[in-house]
Amino acid sequence: MSTLAIIGAQWGDEGKGKITDFLSAQSDLVVRFQGGPNAGHTLVVEGKKTVLHLVPSGILHGHVLSVIGHGVVFDPESFLSEKKVLEESGVEVSPQRLLISGHCSVITPYHRLLDQLREGTGDKIGTTGLGIGPAYEDKVGRRAIRAWDLLEKKRLSWALEKHLGEKKVLFEHLYGVDIPPFKEVLEKLWDLGQRIRPFFGDTFGQLHSSITSGKRVLFEGAQGALLDVDYGSYPFVTSSNTSLGAIYTGACGPRGGALGEVLGVAKAYTTRVGDGPFPTEVQGPAREFLQQRGEEFGATTGRQRRCGWPDLPLLRYAARACGLTSLAITKLDVLVGLEELKICWAYKLGGEILTEAYPGLDLSQVSPLYENFPAPRKEDDFDEYKQRLQRALGIEVGLLSWGPGRHETQQFKTYFSSKD
Ligand code: IMP
């Protein structure tokens with residue numbers, strides 16, 4: 001096995017950054033394939049906290065080549081500030097260590113502005129406001145600016161002009177806002193492109209030759225299955241496919257399509273940031289407990305995350321939608337000290353009992369059915385919960401995590417057999 005995908009099995013913030021960092025030690029390449037700077041992957045190494053948004057979590061390992069595939073919406077400004085923060089904390093971010101696809105769609109200041117203007121209306125989704133949706137719309141609408149375009153001024157000017165036609169009308173007539181001047185944005189993007197030029201290349205070719213030569217490649221998902229634009233709780237989703245298929249369209253497809261392992265990451269409970277239905281959401285003291293102990297604040301926006309009980313119908317669904325072969329359960333330590341843990345084993349919908357969600361199920365209409373489960377009292381108690389999840393989901397738990405540090409992790413399953 002030389003390929004591994006790590007996918008969020010909930011609404012994002014499952015602790016994928018930590019698990020990716022942990023397994024990066026065993027990888028040669030770490031690859032982002034979708035999403036953009038809306039991701040907030042938090043890593044704590046020797047007590048030092050690093051939050052990554054666009055840069056793959058492999059960057060903290062000197063031997064790893066980090067790759068940003070063409071399925072990512074790339075914000076050059078955000079990338080340069082992240083690079084600066086990493087370099088200030090002693091992490092090398094050089095073209096030898098990070099390759100960015102020249103075919104990424106670019107997030108421009110217009111996209112960010114449009115995202116924020118829309119969020120100011122009655123149709124709020126609770127986005128990160130970073131321009132993700134508008135940038136993906138332009139890609140699918142066949143008018144995106146690609147990273148390569150940043151490197152040739154004539155092409156950039158042409159692409160930007162094409163891109164701006166409709167936006168100008170939208171900004172001025174629908175939102176009554178002046179559009180940032182074309183020339184200024186052109187010069188800014190051109191300058192950013194020049195600074196990032198050495199990082200752009202053919203990630204697709206690099207990935208294919210790496211996989212063919214047996215290199216250990218880890219695909220790092222951002223957000224989670226329930227935020228997937230097709231599988232998720234639409235319309236309260238992000239604008240990319242966050243599930244397994246995005247690897248094939250946003251990075252590369254291994255021969256025959258099979259990846260060695262698909263590891264889903266789920267929190268020991270459930271959280272959600274942004275609007276939208278959340279069947280097992282809790283209020284009152286249990287919410288306070290999970291929120292405080294779990295430090296549930298968004299890594300990108302700082303917003304308080306909504307908290308809830310573990311939700312098996314959603315986990316079963318995520319497992320199926322993403323073809324998960326095993327699961328990592330994170331933040332188990334947060335449950336220690338809870339008076340009682342409730343596990344949602346099914347939903348009631350009308351007269352029906354549903355043990356698994358499905359695409360388009362209206363989560364605002366289901367009533368969760370709970371069983372009470374003893375909350376773990378200390379580390380040794382995690383095994384009982386692990387067994388319970390394995391039985392309920394019919395899927396192996398390959399990793400447990402009970403704190404942010406690398407040492408607070410137990411691995412039960414081998415993910416890269418070729419060189420271990
Ligand atoms: P967008 O991706 O900024 O368009 O936001 C759409 C929805 O996805 C909102 O509910 C966001 O809060 C959510 N979202 C986007 N990225 C993340 C993430 O990395 N973790 C958790 N939620 C996210």
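Above this text you will find the structure in question.
About the criteria used
- Along each chain, residue indices are assigned from 1 in the same order as the chain's sequence is written.
- Local features in this predicted model are restricted to residues of pLDDT 70 or higher, and side-chain atom pairs are both shown and tallied only at a pLDDT of 80 or more, whereas totals for entire chains, interfaces and linings draw on every residue.
- Excluded from the side-chain calculations are hydrogens and water; all other atoms, namely the structure's heavy atoms, are used.
- By this definition, two strands are paired if DSSP reports at least two bridges between them.
- Strands here mean DSSP runs of E at least two residues long; helices mean DSSP runs of H or I at least four residues long; both are numbered from the N terminus.
- Fitted lines through C-alpha atoms give the axes, limited to the stretch in contact for helices. The angle between two N-to-C directions lies from 0 to 180 degrees.
- The contact rule is simple, with two residues in contact once any of their heavy atoms fall within 4.5 Å.
- Here, the term nonpolar core denotes a set of buried Ala, Val, Leu, Ile, Met, Phe, Trp, Tyr and Cys residues that are joined through side-chain atoms within 4.5 Å.
- Think of it in three bands: with a 1.4 Å probe and only protein chains considered, a residue is buried below 20% of the maximum accessible area for its type, exposed above 50%, and partly exposed in between.
- The near set for a molecule or strand comprises every residue that places at least one heavy atom within 4 Å of it.
- Counted as a polar contact is a pair of N or O atoms within 3.5 Å, where, for protein atoms, one must be capable of donating a hydrogen and the other of accepting one, and residues adjacent in sequence contribute only when both atoms are in side chains.
- Only the protein chains shown count as covering a residue, and every accessible area follows the Shrake-Rupley method with a 1.4 Å probe.
- A pair of aromatic rings is counted whenever rings of Phe, Tyr or Trp (Trp by its six-membered ring) have centres within 6.5 Å, and the orientation is called stacked for planes under 30 degrees apart, edge-to-face for over 60 and tilted otherwise.
- When the NZ atom of lysine or the CZ atom of arginine is within 6 Å of a ring's centre and also within 35 degrees of its normal, the charge is said to sit over that ring.

Draft legend 1. Here's a closer look at the sheet that holds strand E15 (residues 341–349). Judged by pairing direction, the sheet is antiparallel, and its three strands sit side by side in the order E16-E15-E17 without closing on themselves. Among the strands making up the open sheet, the edge pair consists of strand E16 (352–354) and strand E17 (367–373). Across this sheet, the average inter-strand angle for adjacent strands is 40°, counted without regard to direction. Where E15 meets E16, three bridges bridge the pair, whose relative direction is antiparallel.

Draft legend 2. Structural context of the sheet that holds strand E7 (residues 98–101). Taken together, the ten strands give an open sheet; going across it, the order is E9-E7-E5-E2-E10-E1-E11-E14-E18-E19, and neighbouring strands pair in mixed fashion. Bordering the open sheet on either side are strand E9 (200–201) and strand E19 (409–411), each of which pairs with just one other strand. Pairing of strand E5 (residues 65–68) with E7 involves three bridges; the strand directions are parallel. Bridge pairing in E7 links Ile68 to Ile100. Of the strands in this sheet, strand E14 (326–330) and strand E18 (396–401) touch helix H11 (residues 382–393), which is tilted by about 145° from E18.

Draft legend 3. Looking closely at the nonpolar core. Ranked by size, the top nonpolar core spans 53 residues in total, and within it Phe219, Ile329, Leu341 and Tyr385 carry the most contacts. No other element matches the five residues that H11 contributes to this core. Residues in contact with Ile329, not counting those within four places in the same chain, are Ala266, Lys267, Ala268, Leu389, Val397, Leu399, Leu400 and Ser401.

Draft legend 4. Focus on the site of the ligand. Around the ligand, a shell composed of 18 residues is seen, among which Asn38, Thr128, Thr238, Val273 and Arg303 lie nearest. Between Gly126 and the ligand, the recorded distance is 3.3 Å, taken from a backbone N or O atom to an oxygen atom. Taking Thr128, its side chain carries an N or O atom lying 2.5 Å from an oxygen atom of the ligand. When the free accessible area of the ligand is taken as 470 Å², the share hidden by the protein chains comes to 97%.

Draft legend 5. Inspection of helix H10 (residues 312–321) at higher detail. In terms of burial, H10 is a largely internal element, nine of the ten residues being buried. Turning to H10, its buried residues number three or more, namely Leu312, Pro313, Leu314, Leu315, Arg316, Tyr317, Ala318, Ala319 and Ala321. Against the buried residues of H10 lie strand E11 (261–267), E15, E16 and H11. After H10 finishes, the residue Gly323 shows a positive phi value of roughly 60°.

Draft legend 6. Spatial organisation of the packing of aromatic side chains. Per the counting criterion, the structure on display carries eight aromatic pairs. Here the aromatic rings of Phe74 and Phe200 are separated by 5.9 Å at their centres, their planes lie at 80°, and the arrangement is edge-to-face. Placement of Phe74 in strand E6 (residues 73–74) and of Phe200 in strand E9 is noted, with a sequence separation of 126 residues between them. By the burial criterion, Phe74 is buried, and Phe200 matches it. With a centroid separation of 5.5 Å and an interplanar angle of 75°, the aromatic rings of Phe79 and Phe199 are classed as edge-to-face. A residue pair is termed long-range when its members are at least 10 positions apart, and Phe79 in helix H2 (residues 76–88) and Phe199 in the loop between helix H6 (182–196) and E9 qualify at 120 residues. Overall, Phe199 belongs to the buried group, its relative accessible area being 4%. Through a chain of ring-to-ring contacts, three or more aromatic side chains come together here, namely Phe74, Phe79, Phe199 and Phe200. Directly above the ring of Tyr370 sits Lys342, whose terminal nitrogen or CZ lies 4.9 Å from the centroid.

Draft legend 7. The arrangement of unusual backbone geometry in detail. Following Tyr234, the chain continues into Pro235 via a peptide bond in cis, with omega recorded as 5°. The phi torsion at Gln223 lies on the positive side, around 60°, for a residue other than glycine. Considering the arrangement of structural elements, one finds Gln223 in the loop between strand E10 (217–220) and helix H8 (245–250). Residue classification places Gln223 among the buried positions, given a relative accessible area of 8%.

Draft legend 8. Broad picture of the side chain of Thr270. Considering the arrangement of structural elements, one finds Thr270 in strand E12 (residues 270–272). Residue classification places Thr270 among the buried positions, given a relative accessible area of 3%. Polar contacts involving the side chain of Thr270 include one to the main-chain carbonyl oxygen of Trp309, which spans 2.7 Å. Each residue touching Thr270, except ones within four places of it in the same chain, is listed here: Gln10, Trp11, Phe278, Thr280, Arg306, Cys307, Gly308, Trp309, Pro310 and Asp311.

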